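# Architecture and fold: a report
So you can see what is in the structure, the chains are spelled out below.
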Amino acid sequence: MDHKKSQMTKKERFKAAISLQETDRLATDMWAVPEVIQSLKKYFGTEDEFDIYENLGIDKAVPLQPKFIGPRENVWGIKYRTIPFNGGSYEEPSLQPLAGYETIDEIEANYIWPTTDWYDYSVIEDQLKKYRDYPIEASYIALMYFYDQIRGTEQMMVDFALNEELAAYILHKIHTFSTAHMKKILEIVGDRAEYGQV
């Protein structure tokens, strides 16, 4: 099917697919590393990433991004290093802020858990206007992924196997912030988003 002759809008198609309803064609999204996006921009002769999606017939779900204004480099306090490879590079954690702690008391004494005060949510309204023709992702919650990023994969597995109290504490803290963060976004978005990832 010629995507330029599709009868449903991007938002209608995405909403129908999520609701398990019939669509005029397959609803599509696309994620790519920066090197691929840059190559596609060059191929299509554009500097606008969304021209790529239009040319490829990708519906493209747009995640809302409140502005981070917190007291450290990123919300969880993770340090990253750049790993080069032939054709590009990628980021991987070099310092996971909870990796060295063995007790809840140690974490409470040395780590500051994020709060919604660390975000400016007023920017969301402009994002909704800018991407009004695209499916909107309200927010993203991934308890295990966030746990892994701040604690490390090996230590996370050890926690689950040998220290259920500590694991439950960390999961509770991640969940408390993540749900509060999503609620802040949804208070602004209302029914203008197609979905959220949980």
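Let me begin by describing the structure that accompanies this report. (Residues numbered from 1 in each chain as written. Predicted model: local features only at pLDDT ≥ 70, side-chain atom pairs only at ≥ 80, totals over all residues. Heavy atoms only, no water.)

### A look at the nonpolar core
When a protein is soluble and globular, its nonpolar side chains tend to lie buried together. By size, the foremost hydrophobic cluster in this structure holds 39 residues, and its most contacted members are W76, L98, I107, W113, I150, I170 and I174. For this core, the secondary structure elements donating two or more residues are α2 (34–44), α3 (49–56), α5 (124–130), β6 (136–140), α6 (143–151) and α8 (164–189). When residues in this core are grouped by element, the largest group, eight residues, is from α8. (Core = buried A, V, L, I, M, F, W, Y, C linked by side-chain atoms within 4.5 Å. Buried < 20%, exposed > 50% of the residue type's maximum accessible area, 1.4 Å probe, protein only. Helix = DSSP H or I, 4+ residues; strand = E, 2+ residues; numbered from the N terminus.)

### Looking at the environment of F68
Structurally, the position occupied by F68 is in strand β2 (residues 67–68). Residue F68 is classed as partly exposed on the basis of its relative accessible area of 24%. Considering only alpha carbons, one finds F68 and I18, 50 residues apart in sequence, at a separation of 29 Å. Excluding residues that lie within four positions of it along the chain, F68 makes contacts with E73, N74, V75, W118 and Y119. (Contact = heavy atoms within 4.5 Å.)

### Some remarks on the layout of surface pockets
When its volume is computed, the largest pocket comes out at roughly 1000 Å³. Considering the residues around the largest pocket, the lining is formed by 30 residues, among which P63, Q65, Y140, Y145 and F146 are closest to the centre. Those elements giving two or more residues to the lining of the largest pocket turn out to be α3, β6, α6 and α8. Considering only residue class, the lining of the largest pocket consists of 20 nonpolar, six polar and four charged. Space inside the second largest pocket adds up to approximately 180 Å³. Residue lining of the second largest pocket: A32, V33, P34, E35, F85, S89, Y90 and E91, and that is the complete set. (1 Å grid on protein atoms, 1.4 Å probe; cavity = no way out; pocket = protein on both sides within 12 Å on 5 of 7 lines; lining within 4 Å. Points joined across faces, edges and corners; volume = space filled by probe spheres on them. Nonpolar A, V, L, I, M, F, W, Y, C, P; charged D, E, K, R; others polar.)

### Focus on the environment of Q96
Along the chain, Q96 turns up in the loop between β4 (88–95) and α4 (104–110). Spatially, the C-alpha atom of Q96 lies 6.8 Å from that of K79, the residues being 17 residues apart in sequence. Here Q96 is in contact with D148, Q149, I150, R151 and G152, once residues within four sequence places are set aside. A distance of 3.3 Å separates a polar side-chain atom of Q96 from the backbone oxygen of D148. (Polar contact = N/O pair within 3.5 Å; in protein donor to acceptor, adjacent residues only side chain to side chain.)

### Some details on the sheet that holds β6
Taken together, three strands build an open sheet; the order of strands is β1-β6-β7 and the sheet is parallel. Strands with a single pairing partner mark the edges of an open sheet, and in this sheet they are β1 (62–63) and β7 (195–197). Across two bridges, the pairing between β6 and β7 is parallel. When the bridges of β7 are listed, E137 appears paired with Y195. Its contacts with the sheet put α8 on β6 and β7, and the angle it makes with β6 is roughly 155°. (Pairing = 2+ DSSP bridges. Axes fitted to C-alpha atoms, helices over the stretch in contact; angles between N-to-C directions.)

Spatial relationships are all this shows, so hold off on functional conclusions.
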